[in-house]
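Structural overview
As a plain string of letters, each chain reads:
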Amino acid sequence: MQYDDFIGEVQQRAQLDSREAALSISRATLTTLSERIDPGQAENLGAQLPDELARHLKAVDDAERFDHGEFVDRVGGREEIDGADAADTAFHARVVVDVLDEAVTGDALEDVKNQLPTDEGYDDLFEVAESEGSPA
């Protein structure tokens with residue numbers, strides 16, 4: 001998936017007013033995801049994305065352990081969307097993960113999901129990507 005297509009899909013699905021907002025939530029979600037997953041997995045995801053997006057999946061030395069609430073807080077602290085609350089931020093992250101699921105091949109996103117605890121709310125992050133009614 002090309003960069004413009006990725007950002008356009010995020011903008012449309014999240015119902016954002018601008019491409020800049022779509023880039024902001026994409027950057028915030030990918031950066032936070034890279035802090036939480038295995039560095040090798042972050043590199044694998046980044047290798048399948050356009051350079052403009054892959055740079056936000058920089059591998060860190062060690063994955064940090066934090067729950068879904070902290071994940072949403074970190075994304076919210078990074079995205080530059082005026083008036084967004086925690087529910088908005090969680091939705092934005094789900095949209096980015098949904099588009100990411102379409103942008104990468106094979107089981108790349110499933111590998112990410114398998115690294116995250118199932119009892120800390122991370123299943124919510126994959127909610128849109130797994131639903132049959134996912135926007136096309």
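How each quantity is defined
Residues numbered from 1 in each chain as written. Predicted model: local features only at pLDDT ≥ 70, side-chain atom pairs only at ≥ 80, totals over all residues. Heavy atoms only, no water. Axes fitted to C-alpha atoms, helices over the stretch in contact; angles between N-to-C directions. Helix = DSSP H or I, 4+ residues; strand = E, 2+ residues; numbered from the N terminus. Parallel < 35°, antiparallel > 145°, perpendicular 65-115°, else oblique. Left-handed = near helix turned anticlockwise from the far one by under 90°. Contact = heavy atoms within 4.5 Å. Nonpolar A, V, L, I, M, F, W, Y, C, P; charged D, E, K, R; others polar. Expected span 1.5 Å × (residues − 1). Buried < 20%, exposed > 50% of the residue type's maximum accessible area, 1.4 Å probe, protein only. Core = buried A, V, L, I, M, F, W, Y, C linked by side-chain atoms within 4.5 Å. Salt bridge = Lys/Arg side-chain N within 4 Å of Asp/Glu carboxyl O. Polar contact = N/O pair within 3.5 Å; in protein donor to acceptor, adjacent residues only side chain to side chain. pLDDT = per-residue confidence, 0-100. Phe/Tyr/Trp six-rings, centres within 6.5 Å; stacked < 30°, edge-to-face > 60°. Lys NZ or Arg CZ within 6 Å of the ring centre and 35° of its normal.

A packed helix pair is summarised by two numbers, namely the angle formed by the two axes and the spacing between the axes. The interhelical angle for the contact between helix 2 (residues 19–36) and helix 5 (residues 68–78), taken along N-to-C directions, is 140°, at an axis separation of 8 Å. With respect to each other, helix 2 and helix 5 are oriented oblique. The handedness of the crossing between helix 2 and helix 5 comes out as right-handed. Residues Ser24, Ala28, Thr29, Thr31, Thr32, Leu33 and Glu35 of helix 2 lie in contact with helix 5, whose contacting residues are Phe71, Arg74, Val75 and Arg78. Tallied by class, residues from the contact of helix 2 with helix 5 come to four nonpolar, four polar and three charged.

So, on to helix 2. For helix 2, with 18 residues, the first-to-last C-alpha span of 26 Å sits near the 26 Å given by 1.5 Å per residue. Of all the 18 residues making up helix 2, 14 are buried; the element is thus mostly covered by neighbouring parts of the structure.

Before going further, it helps to examine the nonpolar core. Formed by 36 residues in total, the largest nonpolar core has its most connected members in Phe6, Val10, Leu45, Leu49, Phe71, Leu100 and Val112. Of all the elements in the fold, those that place two or more residues in this core are helix 1 (3–14), helix 2, helix 3 (39–47), helix 4 (51–54), helix 5, helix 6 (86–103) and helix 7 (108–115). Take this core: its biggest share by element is seven residues, from helix 6. Once residues lying within four places of it in the same chain are set aside, the contact partners of Phe6 are Met1, Ser26, Leu49, Leu53, Val96, Val99, Leu100 and Ala103.

What follows deals with the pattern of salt bridges. Within this structure, the stated rule accounts for nine salt bridges. Here Glu80 ties to Arg27 by a salt bridge, and the two come within 3.9 Å at their closest N and O atoms. Of this pair, Glu80 sits in the loop between helix 5 and helix 6 while Arg27 sits in helix 2, and the two are 53 residues apart along the sequence. Residue class for Arg27 comes out partly exposed when judged on its relative accessible area of 28%. Shared partners join several salt bridges into a network, and the residues in it are Glu35, Glu64, Glu70, Arg74 and Arg78.

Turning next to the environment of Arg74. One can find Arg74 in helix 5. As a C-alpha pair, Arg74 and Phe6 span 68 residues in sequence and 22 Å in three-dimensional space. The contacts of Arg74, once residues within four sequence positions are left out, are Thr32, Glu35, Glu64 and Phe66. Engagement of the side chain of Arg74 in a polar contact is seen with the side chain of Glu35, the distance being 2.9 Å.

On to the confidence of the model for the protein. Taken over all residues, the pLDDT of the protein has a mean of 88, while the share at 70 or more is 93%. Per-residue pLDDT, averaged within each element of the protein, yields its smallest value for helix 8 (residues 127–130) (63) and its largest for helix 1 (97).

One pass over the structure, following the stated rule, counts one aromatic pair. For the pair Phe71 and Tyr122, a centre-to-centre distance of 5.9 Å together with 75° between the ring planes defines the contact as edge-to-face. Of this pair, Phe71 sits in helix 5 while Tyr122 is found in the loop between helix 7 and helix 8, placing the two residues 51 residues apart along the sequence. Tyr122 matches Phe71 in its accessibility class, with the two residues each being buried. Here the basic side chain of Arg74 rests over the ring of Phe66, its NZ or CZ set 3.9 Å away from the ring centre.

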